[in-house]
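# Structural features, examined
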Amino acid sequence: MAMEERSQRQRRSEMAVPAVAFVVMGDVGRSPRMIRHAQAAKECGCNAYVLGYEGTPAPAEVTTITFRPASTSSRLPRTLATAAKFLAMILSLARALWKMHKVDAIVLQAPPAFPAALVCWVYAKLRRARFVVDWHNYGDTILAMELGEHHAMVKIARAGDRVVAGLADASFCVSEALQLDLKRRFHVVASVLYDRPHDRTEAPVGEAREKLLARCLGVESCQALERRQAALVVTSTSWTVDEDFDLLLNGLVQYDRTVASRRGFTSRVDSDSGRIRVPPDGPSRCKPVQREWDPLEVEDPPGPIPSDFEFSSLPDVWLVVTGKGPRRKEYERKIRALDLEHVVIAMVWVQAEDYPLLLATADIGISMHSSSSGLDLPMKVVDMFAAGIPVLAYRYECIEKELVHANENGCLFKDAGELCQQLQLLLCGHPQKTALFRKVKQGAQGEFKRKSWNQEWFEKGWPVLFDLKSRIPAHYHEGVTSRAEKRE
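Predicted, not measured: the structure shown is a model, and the values here were computed from it. Throughout, a residue's number is its position along its own chain's written sequence, starting from 1. Local features in a predicted model are, by the rule used here, given only for residues with pLDDT of at least 70; side-chain atom pairs are given and counted only at 80 or more, and totals for whole chains, interfaces and linings are based on all residues. Hydrogens and waters are ignored; side-chain quantities use all the structure's heavy atoms.

Looking now at the overall build of the protein chain. A run of H or I in DSSP counts as a helix once it spans at least four residues, and a run of E counts as a strand once it spans at least two, with each numbered from the N terminus. If you tally the helices and strands in the protein chain, you get 19 helices and 13 strands. Residues count as neighbours in contact if any of their non-hydrogen atoms are within 4.5 Å of one another. The long-range share in the protein chain, meaning contacts at least 24 apart out of those at least 6 apart in sequence, stands at 72%. Here, Shrake-Rupley sampling with a 1.4 Å probe gives the accessible areas, and only protein chains in the shown set may cover a residue. For the protein chain, the computed accessible surface area is about 23,400 Å², with 51% contributed by carbon and sulfur atoms.

To continue, consider the pairing of strand β1 (residues 19–27). Three labels apply to residues, based on accessible area from a 1.4 Å probe with only protein chains included: buried if under 20% of the type maximum, exposed if over 50%, partly exposed otherwise in between. Of all nine residues in β1, nine are buried; the element is thus mostly enclosed. As judged from the six bridges shared by β1 and strand β2 (residues 47–53), these two strands associate in the parallel manner. Residue Phe22 lies in a different strand from β2, and its bridge partner there is Val50. Read as a crossover between parallel neighbours, the route from β1 over helix α2 (residues 32–43) to β2 is right-handed. Alignment of β1 against strand β4 (residues 105–110), held across four bridges, turns out to be parallel. By the bridge assignment, Phe22 is partnered in β4 with Val107. In short, DSSP must find at least two bridges between two strands for them to pair. Consider the strands pointing away from the viewer: the crossover is right-handed when the path from the first strand over the helix to the second runs clockwise.

Attention now moves to the sheet that holds strand β6 (residues 170–173). Spatial ordering of the open sheet is given by β3-β2-β1-β4-β5-β6-β7, a layout of seven strands whose pairing is parallel. Each having just a single partner strand, β3 (63–67) and β7 (191–192) make up the two edges of the open sheet. Where strand β5 (residues 130–135) and β6 come together, four bridges link them in parallel fashion. Across the sheet, residue Trp135 finds its bridge partner in β6, namely Cys173. Interaxial angle, 0 to 180 degrees, is taken between N-to-C directions of lines fitted to C-alpha atoms, where a helix line uses only the stretch in contact. Across the sheet, α2 is in contact with β1, β2, β4, β5 and β6; its angle to β1 comes to roughly 165°.

For the rest of this paragraph, the subject is the environment of Thr237. The residue Thr237 is located in the loop between β8 (231–236) and α10 (245–262) in this model. Residue classification places Thr237 among the buried positions, given a relative accessible area of 8%. Sequence separation between Thr237 and Lys324 is 87 residues; the distance between their C-alpha atoms is 7.2 Å. Residues in contact with Thr237, not counting those within four places in the same chain, are Glu243, Phe245, Val321, Thr322, Gly323, Lys324 and Lys380. Polar contact is defined as a pair of N or O atoms within 3.5 Å, subject to the rule that within protein one atom must be able to donate a hydrogen and the other to accept it, and that residues adjacent in sequence are counted only when both atoms are side-chain atoms. From its side chain, Thr237 meets the backbone nitrogen of Trp239 in a polar contact 2.9 Å long.

With that settled, the discussion passes to the side chain of Ser31. One can find Ser31 in the loop between β1 and α2. Every residue in contact with Ser31, bar those within four places of it in the chain, is listed here: Val24 and Gln109.

Compared with an ideal rise of 1.5 Å per residue, which puts twelve residues at 16 Å, helix α8 (residues 206–217) spans 16 Å between its outermost C-alpha atoms and is within 8% of the ideal. Buried within α8 we find Leu212, Leu213, Cys216 and Leu217. Mapping the buried residues of α8 onto a view down its axis gives an arc of 100°, with all of them on the same face. The outward face of α8, more than 90 degrees from its buried face, is lined by the exposed residues Glu207, Glu210 and Arg215. If you follow the buried residues of α8, they end up packed against α9 (219–228), β8, β9 (317–322), β10 (343–348) and α12 (355–361). Just downstream of α8, Gly218 is the residue with a positive phi angle, here 100°. Multiplying 1.5 Å by the helix residue count minus one yields the expected span of that helix. The arc refers to the directions leading from the helix axis to the C-beta atoms.

When the terminal C-alpha atoms of helix α15 (residues 416–427) are compared, their 16 Å separation across twelve residues agrees well with the 16 Å that a helix rising 1.5 Å per residue should span. Where burial is concerned, most of α15 is hidden: nine out of the twelve residues are buried. Residues of α15 that are buried include every one of Ala416, Leu419, Cys420, Gln422, Leu423, Gln424, Leu425, Leu426 and Leu427, and no others. A side-chain oxygen of the first residue of α15 lies 3.2 Å from the backbone nitrogen of Gly417; this N-cap is Asp415. Immediately beyond the C-terminal end of α15, within one or two residues, lies Gly429, with a positive phi of roughly 85°.

A few words on the sheet that holds strand β11 (residues 364–367). Taken in spatial order, the six strands make up an open sheet running β10-β9-β8-β11-β12-β13, and their pairing is parallel. Of all strands in the sheet, those bounded by a partner on one side alone are β10 and β13 (411–413). The average undirected angle you get between the axes of adjacent strands in this sheet is 20°. Across six bridges, β8 lies against β9 in parallel orientation. Along β9, the bridge assignment pairs Val234 with Val320. Each of β8, β9 and β10 is contacted by α9, which is oriented at about 145° to β9, the strand it contacts most. Strand contacts of α10: β8, β9, β10, β11, β12 (391–394) and β13, with the helix running at about 150° to β10, the strand carrying the most contacts.

Next up on the list: the pairing of β10. Among the six residues that make up β10, six are buried, leaving the element largely enclosed by the rest of the structure. Of the two faces of β10, the one holding Val343, Ile345 and Met347 and the one holding Val344, Ala346 and Val348 are both buried throughout.

With that settled, the discussion passes to the packing of helix α5 (residues 139–147) against helix α6 (residues 152–167). α6 packs onto α5 with a crossing angle of 175° between their chain directions and a minimal axis gap of 8 Å. Considered as vectors, α5 and α6 are oriented roughly antiparallel to each other. Contacts between α5 and α6 pair Gly139, Asp140, Leu143, Ala144 and Leu147 from the former with Met153, Val154, Ala157, Arg158 and Asp161 from the latter. With respect to orientation, any angle under 35 degrees is reported as roughly parallel, any angle over 145 as roughly antiparallel, any angle of 65 to 115 as roughly perpendicular, and every other angle as oblique.

What follows concerns the pattern of salt bridges. For this analysis, a salt bridge means a side-chain nitrogen from Lys or Arg found within 4 Å of a carboxyl oxygen belonging to Asp or Glu. In this structure the tally under the stated criterion is 25 salt bridges. Between Arg395 and Glu400 there is a salt bridge, with the nearest N and O atoms lying 2.9 Å from each other. Looking at Arg395, the relative accessible area reads 23%, which means it is partly exposed. The exposure class of Glu400 is partly exposed, given its relative accessible area of 34%. Its salt-bridge partner being Glu397, residue Lys401 comes within 2.8 Å of it at the nearest N-O pair. Note that Lys401 and Glu397 are positioned in helix α14 (residues 397–402) at a spacing of four residues, about one turn of the helix. Connected through salt bridges with shared partners, the residues Asp140, Glu149, Arg158, Asp181, Arg184 and Arg185 form a single ionic network.

Any functional reading would require information that these geometric values do not contain.
Below is the structure:
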């Protein structure tokens, strides 16, 4: 009897605390934004659940409700198989939603959001909860890169996004550019909730660093990395079409050839000062730098850098590529076919707890995300900011305006030649650091100090989910404020 009373008290207590569910129609463990939503909600005293496909383990502190991705028989006609898959997904999600306690708000990641939005909307109405959509991008733009703009599936995805937008009580989005486009497309007024560094990651040193690299790369690779004094570069990828991995490979091939041609080069280095001398003439399109410039001491060159400018002391590069995805095997074959002498490309799978430590250990992080819509921002760059390392990111308008500011908290490139030159600018003289490297590293570290994810979430996420003034008691609001301030 006593146990039953305690159980009832516990249930009443849980019901008195605000609760929110975060739904992603994908692998829960590979959905970092939804996981961070749940972590922030928990920090603020909420009960938080993440619902999605089973697969990669999520952090232990996150409560997950998982189900298997829908699958159908290959014998069915394609149209019937798609319909059966949608029906199976709806039923799986509905069962998962009914397993958890009543929530005050349910947040669905988009894309993919249709037809899952129909289930979440019905659940929200029955439970008198708030239905919120978190827009990361558009489903149709991603499909269009693979199938073409006029494919039937692209048109269906576009219509699905319109339905999702109409069902939501409120919306988040990841950038101001996406906010403006949602208003133009669907007349939706969304709140911008930027991805921000969650926790600052300190680089392991000494034995801890050696053990980390041995776990991630293998003992032999770790020893070879140290023996060659190579610069450690990390990139993560989901191997999708909105990341141009061919551009990265071409840039690394150019870098490899550049290093090979520079080894033993001394004619343009002052023997007394060791400073790099700029050639007296350069390409006609680029006014050459007419005086000595030492990248180890001066952040920016006194003029445009000629394409034939020669950097001294370029290190080997050891690129670690992490992530799973549909095109991985294709690029494994391409990488094996490359004949590289000064660049090593290692494709590995890193455990979730080791990934931020590996980033913090790296010299540089690279983002190849190009954005199918041109409106979203890559979370991998935010992870690199949390690790406090210089970021090299593919240039497009949204990232340039809202996340990576050239030569301040990172560097940008548009093609393989620019990528090769940016690597030289940051790595020449390695392990000694160039002035530009030190500047952008300091800028990356400053991103965490400027605003953390918890601060961003409490300021912009909490009010949208719970409508503080009318639904949350004043004393609870005060308690949340004090906990958030203590955390920061």
